[in-house]
Structure formats: C-alpha cells, structure tokens
Amino acid sequence: MAERHLIYGAKGWIAGLLKELLEQEGKEVRGSTVRLENREEILKELDEYKPTRVYNCAGVTGRPNVDWCEDNKEATIRSNVIGTLNLADCCFLRGIHMTNYATGCIYQYDDAHPMKGKTFTEEDEPNFGGSYYSYTKAMVEKMIKQYSNVLTLRLRMPVSDDLNPRNFVTKITKYERVVDIPNSNTILYELLPASVKMADAKLTGVYNFTNPGAISHNEVLAIYKKHVDPSFSWKNFSLEEQSKVIKAGRSNCELDTTKLITALEKLGVKVNEIHEAYDKCFQRMAANLKANKPMSF
Ligand SMILES: NC(=O)c1ccc[n+]([C@@H]2O[C@H](COP(=O)([O-])OP(=O)(O)OC[C@H]3O[C@@H](n4cnc5c(N)ncnc54)[C@H](OP(=O)(O)O)[C@@H]3O)[C@@H](O)[C@H]2O)c1
C-alpha cells in the first residue's frame, strides 16, 4: 500500500516545516485545516484520503503568547484536550498511526530536579501547571498515552534556522529583557526529520523530544551574536521581575533524553548535544539570512 501522510494544523509553523520536509523526501503528503474537534469531518477525511500516517501539529498556543489561554479557557480545552483526543480516537478507530507534536513545558525545576541536577524523564509526574496552556497539555498527555496508535513527542522552545517569529530565538532577541536559565530546546533541523523516522518505524508512547543537555538564554544569545549578529546586545532580569510582565507562569526545566537517543540510535539517527546543535543552527541561519531565504532541510 502506498504511504500517505496527512498533517493537521496545516497553516501552522511546525506543520509548514514538516510538509516541506516530507515533500522533499518525495512522500505523498496533504495538509488539513479540518478542526480537530469536528469528528464527522475528520472521519470523512480519513476515509477519503486514507492516510497511513497522521501528524498532529494543531493546537492552541495563544497569540501573542500563552497568556492568551488564561482568558480563553474553553477555546484552549476544545483544541488541546477535546480536539487532540478526538483525532487520536478517530485514527485509532481507523487503525492509523498518529504522531502528536506536544510539549515538554509541563515541568519546572524543583528540589528533586534542581538546575544542572537530575533531569525529568517521561515517567515523572508533570509538576508545572502555572499556565493554563501547560495544564491542558499535561492533562491530555495522560489520556492520550493510553492509545496504542499514538507517538507523543514533547518539544520545548523549538528553534528554526531562520528568524521566523515563532522561533524561540526570534522571541528572545526581541524581548526588552530576558531571564537566564538553562533549558532543554528542540532544534527543528535535527529533530523534525527524526520525528518522521520515528513515525515510519511506528513507534508509540511518550518521548522527551529535545536535543540532549540544557542551555541558558545567555549561552544561546552569545552563540547568536557570534554567528548571526555581532552587534547584538541584551539585558537580563530575574524570574521575579519577569513575573511582573507576564500573566501566566513559564516552565523552565531540563528533560532526560535517554529514551529518545536510544530509540534514534536504533534508527540510525544522530542528534547533537544542544550547544553543538545551536552552533550549527546559527551557522545555517547566517547563510539563510544572507541568501534572504527561510530554513530548508
Ligand atoms: N511553537 C512552540 O513554541 C511550541 C513549543 C512546544 C510545543 N509546541 C506544540 O506544537 C504544536 C504546533 O505548534 P506551532 O508553533 O506550529 O503552532 P502554530 O503556528 O500556532 O500552529 C498551530 C496551528 O493549529 C491550528 N489549530 C489550533 N486549534 C485547532 C483546532 N482545534 N483544529 C485544527 N487546527 C487548529 C491553528 O490554526 P488557527 O490559527 O486557524 O486556529 C494553527 O494553524 C502545538 O500543539 C504546540 O503546542 C509548540
């Protein structure tokens, strides 16, 4: 049977990159803008297009940022909980593998997992509900992981090789002040192709989906300054000062990547440690900016 790939949330940032990647790999792919909570339309689309792989890149993240979810709880539930479960359920009923692009922003450093100490594994209970966005994502993960057809990938602070406004780097270069805390980050150039390999292998369950290690905001910006913009400068502020300018809390944590790296090794995929990954990413970004083009794989 011919492989057919169907991407939900097709107009979004990660969906666009994934579609381009799959097309470059010569795969048959379609983007869907059907709403996740519309069960009838989803079943109709699955029955008509007959995909062999479904990718869920749809979700409410809030505009201009996750603070939006604090004031729009029903809309957040409809997309991130009801919608995500609905798509997983429809795929389950039709026997289709679904890759769910989720988030690792469900943890925060605590006494048992201090900075530069023990990292969070896939088995750890989420301990960050400081934003409604994260709360809904942690809640849906608990249910969706019971579905035997679903691969859940926990991204954190995704980074592209260009200055797309959704890129974590673009965001922090535009802030007046930034905190300086080590975090796990997802370099998309390396990890999106890895996600396709994992989907092709029909892996299921939950995976922390970041490059190994943690990197602080100042370290990121120093590498950015080195490769992309030598004139760039920035100012820091404390977490306490940051809390005065945001509505919802923000997650800061380091995820354990042992499960991911072990799985990827079996698939012949290598992923760089986060500092090395950033160094390579910013070199590609500098070339892309010079050529005035968005990232490509
Ligand atoms: N970007 C990040 O920092 C980040 C970090 C970790 C995880 N993630 C996760 O990765 C996924 C994709 O993120 P992204 O950055 O690509 O977000 P994005 O650019 O905002 O794209 C999300 C897309 O999902 C669509 N959507 C929202 N609710 C939907 C629904 N109920 N049914 C169908 N489509 C719906 C949106 O369409 P409309 O605008 O028309 O509603 C939008 O096109 C999200 O689930 C997000 O939580 C993102």
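What comes next is a walk through the structure. The structure displayed is predicted, hence computed values, not measured ones.

Observations regarding the sheet that holds strand 6 (residues 205-208)
Okay, so step 1: What the six strands build is an open sheet, ordered 2-1-3-4-5-6; its pairing is parallel. The sheet is open, and its two edges are formed by strand 2 (28-32) and strand 6, each paired on a single side. Across this sheet, the average inter-strand angle for adjacent strands is 20 degrees, counted without regard to direction.
Okay, so step 2: Across six bridges, strand 4 (residues 97-103) lies against strand 5 (residues 150-155) in parallel orientation. Counted as the bridge partner of T99 is L151 from strand 5.
Okay, so step 3: The strands that helix 2 (residues 39-49) touches are strand 1 (4-8), strand 2 and strand 3 (53-56); relative to strand 1, the one it contacts most, it runs at about 160 degrees.

What to know about unusual backbone geometry
Okay, so step 1: Backbone torsion omega between R63 and P64 reads 0 degrees, so that peptide bond is classified as cis.
Okay, so step 2: In this fold, P64 is placed in the loop between strand 3 and helix 3 (67-71).
Okay, so step 3: You will see that M157, though not glycine, has its phi angle at about 45 degrees, which is positive.
Okay, so step 4: Here M157 is to be found in the loop between strand 5 and helix 6 (168-174).
Okay, so step 5: Of note in this structure, N292 is not a glycine but carries a positive phi near 55 degrees.
Okay, so step 6: Considering the arrangement of structural elements, one finds N292 in the segment after helix 11 (274-290).

Some details on the site of the ligand
Okay, so step 1: If you check the shell around the ligand, you find 25 residues, and the closest are I14, L36, E37, S79 and Y133.
Okay, so step 2: G59 has a polar backbone atom sitting 3.3 Å from an oxygen atom of the ligand.
Okay, so step 3: S79 is positioned with one of its side-chain polar atoms (N or O) 2.8 Å from a nitrogen atom of the ligand.
Okay, so step 4: Out of a free accessible area of 880 Å², the ligand has 83% covered by protein chains.
Okay, so step 5: Contributions of two or more residues to the shell around the ligand are made by helix 1 (13-24), strand 4 and helix 5 (132-144).
Okay, so step 6: When residues of the shell around the ligand are assigned to their parent elements, the largest contribution, three residues, is made by strand 4.
Okay, so step 7: A per-class count over the shell around the ligand returns twelve nonpolar, six polar and seven charged.

Rules used throughout
Residues numbered from 1 in each chain as written. Predicted model: local features only at pLDDT ≥ 70, side-chain atom pairs only at ≥ 80, totals over all residues. Heavy atoms only, no water. Pairing = 2+ DSSP bridges. Helix = DSSP H or I, 4+ residues; strand = E, 2+ residues; numbered from the N terminus. Axes fitted to C-alpha atoms, helices over the stretch in contact; angles between N-to-C directions. Contact = heavy atoms within 4.5 Å. Near = heavy atom within 4 Å. Polar contact = N/O pair within 3.5 Å; in protein donor to acceptor, adjacent residues only side chain to side chain. Areas by Shrake-Rupley, 256 points an atom, 1.4 Å probe, with all protein chains shown as cover. Nonpolar A, V, L, I, M, F, W, Y, C, P; charged D, E, K, R; others polar.

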